[in-house]
Amino acid sequence: MSDSEKFPIDVFPEAEEMDLRPGADSCYKCSTCDTSCPVAEVDDDFPGPKFQGPEQWRLKRKDDVSVDESVMKCSNCMRCDGACPSEVPLSQMHNTARGEYVTEEMSMLSREYWRNRILANYGTLARVGSKVPRLTNFVMGNSVVQQLNEKFLGITAEREFPEFATETFVDWFEERGGAKIQSDEKRVAYFHGDYANYNTPEVAKALVRVFEHYGYEVAVPDQRCSGTPMFANGMLDDARRAAKFNVETFHDLVSAGYDIVCSCTSCSMALRQEYPELFSFEGTAEVAAHTYEALEYLRIYEDVEGDLKGSKPDFPDLAYHAPCHARNQGLDGQAVNLFADLDGVSVTDVGDSCSGISGTYGWKEENYDTSMKIGEEMFEHMDDAPGETGLTECPTCAMQMGHGSGYEIRHPLEVVESALVE
Ligand code: SF4
Ligand code: SF4
């Protein structure tokens, strides 16, 4: 695909300079960001995005004060970014402040540090746990283990630990002999992330089959976590290592004519927005400009909308939740529009509230109640929608939807696969 055909999202153009003063100065204190913050809405102790961003930045410049610990209560949903009329780079400020807080204020001997580090590095745990998936699922599903996790690590015992698949996506892909289609013209490199690899390979397989249906060669390179849980926990050194590896790998593929597609909207958000905001490795901007959410890509380059009209996927009625990170990329209406004319399947948008889990936020013992309070509106709308199956692009929103409703949760790519691929 030539560059002139692309429609990259507009991420903060001055961000590479890592100088956030212009952003802080352009805040005119309207408080719109505060009214958009789902955590501030239910947690009276959380001072909100205006304080976390421009106000802390001003205080730090003036009085050389340290970062306030309340920044660790920000769930990194990034809703405030989209709400600000003055384009203040709020989440970039939060990510930077969180990194500073963890480095300078948080004891490396504290339970909070180790709990956050473990949650932020889920991929490392998953790599080990998925070697013996049945045993890991048995152990992690045990209520005594869950109670111990809560007591000693502060990981809530209220949630069901996600099960590991008995075969990872990468093993499946290698086993089938890699890409089934070779093409010099239509090439995508798949950023699957950890969750689709270890926990929901059916989503990743659906992506491969759908893109091959449209004649694409799909590359599945070695990769690290996108860094999303690391940003959210202020583990910027871990995030930097992961991002460097990913940028180097995917930049080589972009140079060879591949575009990058993601099945998780937080992964596409990280590659498109957080990497250029926080890092300046060679190739970061090119990787960001060539990254797409998978269905967004097919909407741009193929007539997936036309192909889906009147098709009959083998699915029940669906209650769709748009993840916050999909909203930030302008993708919140996408699935509902794409699936509006399916034969025999209704898709209901369950509203614009946050699901409340925000990655690792809702897994922390102290945040569990807040997380469920934020999710209440979504649960009620799911209950009102026809059917008992949920639909979303984000793996942790899917966990929260399933946890709060008891529904099975599917991914839009699975619907497309069922509708179009024989
Ligand atoms: S929405 Fe933007 S301009 Fe308004 S208070 Fe928040 S950061 Fe400042
Ligand atoms: S990222 Fe989300 S939780 Fe954090 S301050 Fe912004 S709106 Fe609130």
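Residues numbered from 1 in each chain as written. Chains lettered and ligands numbered in written order. Predicted model: local features only at pLDDT ≥ 70, side-chain atom pairs only at ≥ 80, totals over all residues. Heavy atoms only, no water.

A. Structural detail: the packing of helix α13 (residues 201–213) against helix α18 (residues 294–301). Axis separation between α13 and α18 bottoms out at 11 Å; the angle between their running directions is 10°. In terms of their interaxial angle, α13 and α18 are classed as roughly parallel. Only Ala294, Tyr297 and Leu298 of α18 make contact with α13, whose side of the interface consists of Leu207, Val210 and Phe211. Among the residues forming the contact of α13 with α18, the class breakdown is six nonpolar, no polar and no charged. (Axes fitted to C-alpha atoms, helices over the stretch in contact; angles between N-to-C directions. Helix = DSSP H or I, 4+ residues; strand = E, 2+ residues; numbered from the N terminus. Parallel < 35°, antiparallel > 145°, perpendicular 65-115°, else oblique. Contact = heavy atoms within 4.5 Å. Nonpolar A, V, L, I, M, F, W, Y, C, P; charged D, E, K, R; others polar.)

B. Structural context of the sheet that holds strand β1 (residues 187–191). Pairing is parallel across the open sheet formed by four strands, whose spatial order is β2-β1-β3-β4. This sheet does not close on itself; its edge strands, each paired only once, are β2 (217–219) and β4 (291–293). With direction set aside, neighbouring strand axes in the sheet form an average angle of 35°. Bridging between strand β3 (residues 259–262) and β4 involves three bridges; their strand directions are parallel. When the sheet's bridge partners are listed, Cys262 is paired in β4 with Glu293. Sitting on the sheet, helix α16 (residues 265–278) is in contact with β1, β3 and β4, with an inclination near 160° to β4. Along the sheet face, α18 touches β1, β3 and β4 and points at about 100° away from the line of β4. (Pairing = 2+ DSSP bridges.)

C. Region of interest: the site of ligand 1. In the region of ligand 1, 14 residues are neighbours, and Cys27, Cys30, Ser31, Cys33 and Cys84 sit closest. Looking at the shell around ligand 1, the elements that each hand over two or more residues are α2 (32–36) and α4 (49–63). Class assignment of the residues belonging to the shell around ligand 1 gives a composition of nine nonpolar, three polar and two charged. (Near = heavy atom within 4 Å.)

D. The arrangement of unusual backbone geometry in detail. With phi around 70°, Ser31 is a residue other than glycine that occupies positive phi space. Checked against the element boundaries, Ser31 lands in the loop between α1 (21–25) and α2. The exposure class of Ser31 is partly exposed, given its relative accessible area of 25%. For Asn76, which is not a glycine, the phi torsion comes out positive at approximately 65°. By the secondary structure assignment, Asn76 is in the loop between α4 and α5 (79–83). Judged by its relative accessible area of 4%, Asn76 falls in the buried class. (Buried < 20%, exposed > 50% of the residue type's maximum accessible area, 1.4 Å probe, protein only.)

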